[in-house]
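# Commentary on secondary and tertiary structure
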Amino acid sequence: MFMTCLVNCRSHLRLQRKWKLSQVVPAQRVQKSLRRGIIFSAHFNKTKATSKRLLKPQQRLTQTIENLISKHDHLKKIVSEPHSLFKRTSSTNKTIATLEEVEESLDDLVIEEECEHFNNNLTMEGQDRGAKPKKRHGHKPRGQKGQGHPEGTQTLRSNGQGHLQRGQSDLEGGESVGPQEDQGLGQAACRASGAPQNVNHRKKNDRRPKSGNKTFNGPNTSFSHKNNRDRRYTKPAQQGITHKTPVMSKEDIEAGMKSGSIIQGELRVKVRDYKTAYVSHPDGGSDVVIEGLEHRKPALCGDVVAIQIFDNPDMQETSQAEKNKDFVKNTLPPVENLVSKCEALNLSSDVGTHNTTQDCDVEEPDVIIEEDQTTVIGTEVSIEAPNKSGDSTVSSTKEVPLQKRQRKGKVVAVLERKHLRVCGGHIKPLKTKDGVLFSPTDNRLPRILLSLDSCPADILTRPEKYSSMLFAAQILDWKQDSVFAEGMLIKEIGEDKELEPRINAILLELGVDDSEFSSEVLESLPIQTLPWKIPEIQIADRRDFRSQCVFTIDPASARDLDDALSIEELPDGTYDVGVHIADVTFFLQEDTSLDSIAGKRATSVYLPHKVIPMLPRILCEELCSLNPDEDRLTFSVVWNMSAEGEIYDEWFGRTVIRSCTKLSYDHAQGFIDEPDKEWTTDQFPPISTNFNLDQIKKRVLNLNRIAENLRRKRMDHGALALNMPRMSFNLDDQTGMPNGFYLPHQKGSNRLVEEFMLLANMAVAHKINSCLPETALLRRHPNPDQSTANDMEKLSEKLGIPLDFSSSLALQQCLNAVARQDPNDLGKLTMLSVMCSKPMQLALYFCNGCIEDETLYHHFGLNVPLYTHFTSPIRRYADVMVHRALAAALAGKSQINMDKSQLDKICGNCNTRKKAAKEVSETCADVFFSAFIQETGPLQAAAMVTGFLDHSVDLYFLDLGFTKRVYVENLPLKIVRYMNGEKLILVWKQADGMTREITQTLTVFSKVRCTITKGKLPLSWMATLNRPEEQSVE
């Protein structure tokens, strides 16, 4: 039984059977019938064997048609409502996703898009409401091993010149592909009908022209991601590769910026919906939203872009909604027509009572890593009653979003390409066998079309060999008329289920250089051999602290000791307190190759299992590290102050010290907790012969007393303290794999060191700002994002815990009030800190000569007018520049050895690399935790609700320090009720051993229990809500 089935349940889709045809349907008849709804042309081979062989596909087809028809009515109702086209719940998205699941499950169908404007508004705009990611039959989710197909099968052809062209547009992109595809069924349909093929494809005997191949050396080939699978592939010579931006002259952009119609900012792409991006508006109000790839290409996440703001986005939305409503009304066929056609074919027509909810194949609940959390806006809830059969269903919701004016715009220029255009991911050949699709693991990036020339030679014959392999690719271009970028492979990284390749992929994507320093670079150091002795001329030019009791307080495992403390009590009852910082600039000289590399790295990167240093280890761990009983060069700040923290005098200068011991935070905390205890030397590290343990204990206690007074004064002045601990791991000595984790909590000894480091940073900031009015590197913390802060204030008011973001003092007072009410509820206080951090903007390095308004120098978190980083030059290049600025100020100069534009570029790079280092640390911690769960099995964890949507809950895991989203669709629930953004009611079905159904009401701050298991993807994890106990649900 050979059959052609062309189904057009939604008239913007055409489904073409690719099975072998025994008779051809004319293209004109097909097109005419598609407009009516559905067509069947069946030709039966009367042999019994053939009929039996094709019975199963026919049954599958019958079931597929039933599912499509049953969804038709619901879909028509949804899309005909204008508001649902722009604010839609995850349940609505699930319905549409189910339609597309069924379509994709017929892997022998080619899906072609007909109406671009309809699809653009129907595919992804509901994702910001927490819509559940779409499940694909026969295709793995994006980022999973073996993934290579788009969310809508894409046909590609070669134009005979070695370049790939799109034959049909895909569902995900919503891009038009030219008039040829709009006029007929596409290439395959024309072949079937015998109609002329108005497409540009390579003839049968055509061959790609030979081009001189060369080994590709990508932009990051200096990075040495060590792996035994580090293969490199070749590519044809690329000529004229450009990254085209929307056409707008530089003069027009400048004029638009002056008028306010064009703004500049860093592009942020939504994690769940890569078609939606944001740019912060300079006025501090709501972000400018860029919807659709056609308004963003070729900009990528992190790029600095110029955005043209639409004049009247609300009117555009209404107009588009009306267009879509008319489109649905005029093009979607009545369901009665579909039923009658099914009856004529002797198929089941029981579509009126078909239960769409029960027949949907839904994914398991999963956890999605959140970059930011969505603030819930009010909705109305429609509760579904049990159906006639008595089975209960999970209710869907009907969105009635609050109307909030949202600024929208489009990218008109990429001002600075900060994204490296390099990413890790998986490859899979296209069905057309003339190209390869690269799926990045970073969902914010587009998929990339690769030519065969840059891929492994056996990718077409043995694709399964590479299904679980991680590769690195470079994006070469992203054209306006293509949803896919164009690119090439750089190298093979390794298996995605192994820890080291995953870490290497993360480092590669974020541009972290982990290569060893070359011998040529090390030759620029003034010292080449160890041990090294300080020249006498240096000692003569410096203040000598070697006879004083100077010591370090650091983590027990620290090897780069860049700060030390000293305190001496004077006869008048005051104290000379010194902060001594390693003098890195003595070794890291300007205009050397090492200085250039350190400036590019800008920061050390801390991973769970290692540190990627900014400087060579000979500096980090030897020459600059303030190791005990060794003479070291330092830069010092010394204050004369009272025990209450009142400062009478301060001094800056170059010094030489000799640390008498290396204390850990635990050693110092022991002194603080038990000041009267008789400690013995065997409980501590070795101490220099010039001092004893009692002298060191006395100095630690004096420093702690002053630090407590300094902290109290600083908090009274309005400094903000948000306690958000980060996960740390215990590693196996043999394998290096995590065998445990913990959340480090700040102790009194940590706060002791922190107070004096903050004091030194503020003192140096005032010094260099006054002496170098144009070239001082400072650090500012802008006020919270006003729009997000307003939303958070409204939400907190509903929760009965009002928050005030008008100043850091006001916000800290709100947190203190909660702490007084519930002093033992540490989870609630921690979660409040997490909520308060959402509106916070990142602190930034800047050059004081580049910002005229000095009020913008203010640091919101510390609530101080001037601040900088001075105390960690071993691991931060910004501190190196501050040391050079302080040296220039002490020498009586008014400028460092560069102008403000050069310093401004250094500040920008330091900001970029610091942000990347933070992202690397957090991502790697998540990977290590996934590896821990994979090895140890399921884990029970306590969590607290931070927010919820209609079918998901955002949880903060108290013992993990993570915020995750957990979906509830596959839980044994009878009803889910979403109550106006204030609560989520879950009615759990009666289980074995239970006396009744359980109703669980979730609000913000509700505590829940979850089961954490390994995820479906390699090195991932997921969480599922546990059924509550009967006595603890109210």
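Residues numbered from 1 in each chain as written. Predicted model: local features only at pLDDT ≥ 70, side-chain atom pairs only at ≥ 80, totals over all residues. Heavy atoms only, no water.

### Topic: the pattern of salt bridges
As a reminder of what qualifies: We define a salt bridge as a contact between a side-chain nitrogen of Lys or Arg and a carboxyl oxygen of Asp or Glu at a distance within 4 Å. Helix and strand assignments come from DSSP, with helices taken as H or I runs of at least 4 residues and strands as E runs of at least 2, each series counted from the N terminus. Partly exposed residues are those whose accessible area sits between 20% and 50% of the maximum for their type, while under 20% is buried and over 50% is exposed, using a 1.4 Å probe and protein chains only.
What the rule picks out here adds up to 32 salt bridges. In this structure, Lys 465 engages Asp 458 in a salt bridge whose closest nitrogen and oxygen atoms are separated by 3.2 Å. In this structure, Arg 601 engages Asp 513 in a salt bridge whose closest nitrogen and oxygen atoms are separated by 3.6 Å. Of this pair, Arg 601 sits in helix H15 (residues 593-601) while Asp 513 sits in the loop between helix H12 (499-509) and helix H13 (519-522); the two residues are 88 residues apart in sequence, bridging distant segments of the chain. Each member of the pair, Arg 601 as well as Asp 513, carries the same accessibility label: buried. When salt bridges with common partners are traced through the structure, they connect Asp 544, Arg 546, Asp 629, Asp 631 and Arg 658 into a single cluster.

### Some details on the sheet that holds strand S18 (residues 448-450)
Strand pairing in a sheet takes place through backbone hydrogen bonds and is either antiparallel or parallel in direction. Just so we agree on the cut-off: For two strands to pair, DSSP has to find at least two bridges joining them. Geometry is summarised by axes, namely lines fitted to C-alpha atoms with helices restricted to the contacting stretch, and by angles between N-to-C directions that run from 0 to 180 degrees. By definition, residues are in contact when any of their heavy atoms lie within 4.5 Å.
In spatial order, the strands read S16-S17-S18-S20-S19; together these five strands close into a barrel with mixed pairing. Within the sheet, the average angular offset between the axes of one strand and its neighbour, ignoring direction, is 50°. Pairing of strand S17 (residues 436-440) with S18 involves three bridges; the strand directions are antiparallel. Counted as the bridge partner of Val 436 is Leu 450 from S18. Sitting on the sheet, H12 touches strand S16 (422-429), strand S19 (469-477) and strand S20 (485-495), and the angle it makes with S20 is about 145°.

### Side note on the environment of Asn 443
The topology assignment puts Asn 443 in the loop between S17 and S18. Along the backbone, Asn 443 and Val 269 are 174 residues apart, and their C-alpha atoms lie at a distance of 9.3 Å.

### Description of the packing of helix H19 (residues 748-771) against helix H23 (residues 877-890)
For clarity, the cut-off: For classification, angles of less than 35 degrees are called roughly parallel, those exceeding 145 degrees roughly antiparallel, those between 65 and 115 degrees roughly perpendicular, and all remaining angles oblique. Helix crossings are classified by the rotation of the near helix relative to the far one: an anticlockwise turn of less than a right angle makes the crossing left-handed, while a clockwise turn makes it right-handed. Amino acids outside the nonpolar list (Ala, Val, Leu, Ile, Met, Phe, Trp, Tyr, Cys, Pro) and the charged list (Asp, Glu, Lys, Arg) are all regarded as polar, and Gly is one of them.
Closest axis-to-axis distance for the H19/H23 pair is 9 Å, and the angle between their directions is 60°. With respect to H23, the axis of H19 lies oblique. As for the relative orientation of H19 and H23, their crossing is left-handed in sense. Of H23, the residues touching H19 (which contributes Val 764, Lys 767, Ile 768 and Cys 771) are Val 882, Ala 885, Leu 886, Ala 889 and Leu 890. When its residues are assigned to classes, the contact of H19 with H23 shows eight nonpolar, no polar and one charged.

### Topic: the confidence of the model for the protein chain
Put simply, the rule is: The predictor attaches a confidence to each residue, and that confidence, scored 0 to 100, is pLDDT.
Confidence in the prediction for the protein chain averages 74 pLDDT; 66% of positions are at 70 or higher. In the predicted structure, residues 1-52 sits below a pLDDT of 50 and forms 122 contacts with residues beyond four places in sequence or in another chain. Note that residues 79-245 has pLDDT below 50 and, in this model, 445 contacts with residues that lie over four places away or in other chains.

### Some thoughts on the side chain of Asp 458
When you line up the elements, Asp 458 lands in the loop between S18 and S19. Given a relative accessible area of 17%, Asp 458 falls into the buried group. Leave out the neighbours within four places in its chain, and Asp 458 touches Pro 463, Lys 465 and Tyr 466.

### A word on the nonpolar core
Quick reminder of the rule: Residues belong to a common nonpolar core when they are buried Ala, Val, Leu, Ile, Met, Phe, Trp, Tyr or Cys residues joined through side-chain atoms within 4.5 Å.
Counting residues in each nonpolar core, the largest one holds 93 residues, and the members touching the most others are Leu 752 and Phe 756. Counting residues per element, this core draws most heavily on H19, which supplies 10 residues. Residues within four places of Phe 756 in sequence aside, it is in contact with Leu 565, Val 577, Val 579, Trp 639, Leu 703, Ile 706, Ala 707 and Leu 710.

### Points about the pairing of strand S15 (residues 407-416)
Within S15, seven of the 10 residues are buried, leaving the element largely enclosed by the surrounding structure. Examined bridge by bridge, strand S13 (residues 304-309) and S15 share six bridges and lie antiparallel to one another. Following the sheet pairing, Ala 306 is matched in S15 by Ala 413.

### What to know about helix H24 (residues 900-936)
Note the threshold: For a helix, the expected span equals 1.5 Å multiplied by the number of residues minus one.
Between its first and last C-alpha, H24 extends 54 Å over 37 residues, near the 54 Å set by a 1.5 Å rise per residue. One or two residues past the end of H24 sits Gly 937, with phi positive at roughly 95°.

### Looking at the packing of H12 against H24
Two numbers describe how H12 lies on H24: the axes approach to 10 Å, and their chain directions differ by 165°. By the angle between their axes, H12 is roughly antiparallel relative to H24. The hand of the H12/H24 crossing is right-handed. Two secondary-structure elements touch here, H12 through Leu 499, Arg 502, Ile 503, Ile 506 and Leu 507 and H24 through Val 920, Thr 923, Cys 924, Val 927, Phe 928 and Ala 931.

### A word on the sheet that holds strand S9 (residues 262-266)
Ordered in space as S9-S13-S15-S12-S11-S10, the six strands form an open sheet in which the pairing is mixed. In this open sheet, the two edge strands, each paired with only one partner strand, are S9 and strand S10 (268-269). The strands touched by helix H8 (residues 250-259) are S9, S13 and S15; relative to S9, the strand with the most contacts, the crossing angle is about 95°.

### Notes on the packing of aromatic side chains
What describes a pair of aromatic rings is the distance from one ring centre to the other and the angle between the planes of the rings. What counts, and what does not: To pair, rings of Phe, Tyr and Trp, with the six-membered ring standing in for Trp, must have centres within 6.5 Å; the planes then decide the type, stacked if under 30 degrees apart, edge-to-face if over 60, and tilted in the middle.
Overall, the coordinates contain 18 aromatic pairs when judged by the stated rule. On the basis of an interplanar angle of 75° and a centroid distance of 5.3 Å, the ring pair of Trp 532 and Phe 587 is categorised as edge-to-face. In this pair, Trp 532 sits in the loop between H13 and helix H14 (536-540) while Phe 587 sits in the loop between strand S24 (575-582) and H15, placing the two residues 55 residues apart along the sequence. An angle of 85° between the planes, with centres 6.4 Å apart, marks the rings of Phe 948 and Tyr 978 as edge-to-face.

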